[in-house]
Amino acid sequence: MSFEICKTQVAVIGAGHAGIEAALASARLGVDTVLFTLSLDALANMPCNPSIGGTAKGHLVYEIDALGGEMGRVADLVTLQSRTLNTGKGAAVQSKRVQADRKKYQRLMKETVENAPNLRLIQAEIVELRTAIDENGKKKVSGVVTRLGECWSCACVVVATGTYLDSAIFVGDVSYEAGPDGLLPAKGLSASLRDAGIRLLRFKTGTPARVKRQTIDFSVLEEQPGEETILPYSSQNAEQMFDDMQQVPCHIVYTNAETHRIIRQNITRSAMYSGKIHGTGPRYCPSIEDKLVRFADKERHQLFVEPMGEDTAEMYIQGFSTSLPTDVQYKMLHSLPGFEKAEIMRYAYAIEYDCADPTQMDATLEFKSVKGLFGAGQFNGTSGYEEAAAQGLVAGINAARSVLQKLPIILERSGSYIGTLIDDLVTKGTNEPYRMMTSRSEYRLLLRQDNADLRLTPIGYEAGLIGEKRYQAFLAKKALEDAEIERLEHTHLSPSQANPFLISIGESELKSGASLADLLRRPPVTYAQLAQIDPERPVLPRAVALTVEVNIKYAGYANRQLSEVERRRKLDMKLLPADIDYKQIRGLRIEAAQKLSQIQPRTIGQASRISGVNPADISVLLIYLGMK
């Protein structure tokens, strides 16, 4: 093969959820991109749960779509069931989760990648990262090398290796080198990354068994139907696409005393507790044996029985992840009601893999020590498809912008969950697989999934991933929302007009006039209910009506939070010199100086979020900057 063929601008290593978003973003920005994968058949694989979204993860999917990413659009097209979680709580923590058809998702994503201009998809294992020294004496990416010996020159590399990097599978006392679903592991690249000066960590995750549908007695299980009204993740998909959809039911089952007895009796045979696994597992998605140890007083644990797709008999048992041996997997499975005769089609396993310490990166997801080297997804120490896709999108955008010699795009933590995710990773790091949760954001009242487009579509448009037609549609939607809020604020009713309605829903009567917005601010009152006394209201899309309602109800809280955002933004605008020597700053504590030297924060605001840096240290830094 000639050298000219082995040349690209951006090389993306790994075609999971992070790699796909990175490659598509880079290619769509007009940059020649190559996406390398160990197997074309594993592209966009869901090796764990067959779902997209969930608590805070649904927010990420909406944000990915608002920026111009792909995950939400395809997830809509392969939805088997949709549910909004936390509907009994406020809108800030409500998150969409869909049961997805695993194989259809893979197929649609593969078609999207295969047909994308400026993007080549190649089945090849990357075993070496090559670097050079630039004119400023800094290390930079120069290319990658495949297992077959091809040398690809490039300006930027996005490492999105998922759980494949030097990975090993564990089931009981059996362990072997393999990637998820028994695929080949990625060998060699870990050593090359270490040679380039990248610090690697060792993490672990796992997955439950897949059970044959026909061997489950669903009559004794609790059925979990989908929601009646479904809003799509993507603004590219019509709201009505789900109106006539027949949703596939999911089911709930619980562990019992016998299940727990079997697990406790055999727990020393678990790879987790026999000392075989050395990687750190996810705190918020533990194995079933880990649950029994952590929550010893619980008499039962809830499990969800979910379909892998319409055209497969495989059923996924969420919450039943384990690394126990196969004979124990059968015993504990058969102890569940309805599973007495269940047959396992794929055994549960734990998987250990290499990943990078994310504090080596800045908020662009580029490594500080190697120009042009970006990380995304589980390689950055996260867990979950949604977290991976979000990082891949940002890494791909910034890799392309680096090639095009444009300024990077950095998402603020006050403006998105993606920004929160990245800021947490690069500022605080993680000692376990990081999972996004609504509680991680101090701005969650502002970062709802219903307003993701308002927050991020202008950024996607500026970046070049949102086309003109889609942007004009966004502006039209925003105009509808603004106009309806204005109308509700200025449409007033007398007590005689409003009180019969208020009495009918058990609300206190008005003594003087009030606007429709005032009535909507009452907690029990919904926008839909107001139609009874609001005959002049326009017909609005469901998404517009939802955002209008939430904006009015949350206005007071949101305004207070916006004031806090503005206060903290001032700290995030105070840049720290790149060459600052923290150990020479008088008054700065030793621990703070060490942490600041390691993380090298860009701003005072980022410095204030580093563990081990306290307000007194920030005051010292502000005084130091004032003296410069």
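Data block above holds the structure.
Keep in mind that what you see is a predicted model, and the values were worked out from it rather than measured.

**Focus on empty space enclosed by the protein**
- In total, this model carries 3 cavities of 30 Å³ or more according to the counting rule given.
- In this structure, the largest cavity encloses a volume near 50 Å³.
- If you go around the largest cavity, the residues you meet are Ala-209, Val-211, Ile-317, Phe-320, Thr-322, Gln-329, Met-332, Leu-333 and Ile-344.
- Sorting elements by how many residues they give to the lining of the largest cavity places helix α8 (residues 326-334) first, with 3 residues.

**Points about the nonpolar core**
- Judged by nonpolar contacts, the single largest core of 105 residues is most densely connected at Ile-52, Tyr-105, Val-144, Val-157, Val-158, Leu-373 and Ile-418.
- Looking at this core, the element that brings in the most residues is helix α9 (residues 385-403), giving 11 residues.
- Once you skip the residues sitting within four places of it in the chain, Ile-52 turns out to touch Met-46, Val-61, Met-71, Ala-75, Lys-96, Arg-97, Val-98, Ala-100, Tyr-105, Tyr-233, Tyr-385 and Glu-386.

**What about unusual backbone geometry?**
- Although it is not a glycine, Asn-118 sits at a positive phi angle of roughly 70°.
- The exposure class assigned to Asn-118 is partly exposed, which follows from its relative accessible area of 38%.
- Of note in the backbone geometry, Leu-365 takes a positive phi value of approximately 75° without being a glycine.
- Take Leu-365: it is sitting in the loop between β20 (349-356) and β21 (373-375).

**So, the pairing of strand β12 (residues 174-177)**
- Here 4 bridges tie strand β11 (residues 168-171) to β12, and the two strands are oriented antiparallel to one another. From the neighbouring strand, Phe-170 faces β12, where its bridge partner is Ser-175.
- Where β11 folds back on β12, the antiparallel hairpin that results is connected by 2 residues, among which Gly-172 adopts a positive phi of roughly 60°.

**Side note on the packing of α9 against helix α10 (residues 417-428)**
- Look at α9 against α10: their axes get within 10 Å of each other, and the N-to-C directions meet at 85°. By the angle between their directions, the pair α9 and α10 is classed as roughly perpendicular. Where α9 approaches α10, its residues Glu-387, Ala-390, Gln-391 and Val-394 are matched on the opposing element by Ile-418, Leu-421, Ile-422 and Leu-425.
- Split by residue class, the contact of α9 with α10 holds 6 nonpolar, 1 polar and 1 charged.

**A look at the layout of surface pockets**
- A volume near 1,300 Å³ is recorded for the second largest pocket.
- At the level of secondary structure, the elements contributing two or more residues to the lining of the second largest pocket comprise α2 (57-67), α11 (452-463), α12 (468-490) and α15 (542-572).
- Split into classes, the residues belonging to the lining of the second largest pocket amount to 19 nonpolar, 14 polar and 11 charged.

**Thoughts on the sheet that holds strand β9 (residues 151-153)**
- Across the sheet, which stays open at both edges, the 3 strands sit in the order β7-β8-β9 with antiparallel pairing between neighbours. Strands at the two margins of the open sheet, each flanked by one partner only, are β7 (126-133) and β9. Geometrically, the sheet is characterised by an average inter-axis angle of 30° between neighbouring strands, direction not taken into account.
- Two strands pair when backbone bridges link them, and strand β8 (residues 139-146) and β9 are joined in this way by 3 bridges, in the antiparallel orientation. Note on β9: the bridge partner recorded for Val-145 is Cys-151.

Each value, and the rule that gives it
- Residues numbered from 1 in each chain as written.
- Predicted model: local features only at pLDDT ≥ 70, side-chain atom pairs only at ≥ 80, totals over all residues.
- Heavy atoms only, no water.
- 1 Å grid on protein atoms, 1.4 Å probe; cavity = no way out; pocket = protein on both sides within 12 Å on 5 of 7 lines; lining within 4 Å.
- Points joined across faces, edges and corners; volume = space filled by probe spheres on them.
- Helix = DSSP H or I, 4+ residues; strand = E, 2+ residues; numbered from the N terminus.
- Core = buried A, V, L, I, M, F, W, Y, C linked by side-chain atoms within 4.5 Å.
- Buried < 20%, exposed > 50% of the residue type's maximum accessible area, 1.4 Å probe, protein only.
- Contact = heavy atoms within 4.5 Å.
- Pairing = 2+ DSSP bridges.
- Axes fitted to C-alpha atoms, helices over the stretch in contact; angles between N-to-C directions.
- Parallel < 35°, antiparallel > 145°, perpendicular 65-115°, else oblique.
- Nonpolar A, V, L, I, M, F, W, Y, C, P; charged D, E, K, R; others polar.

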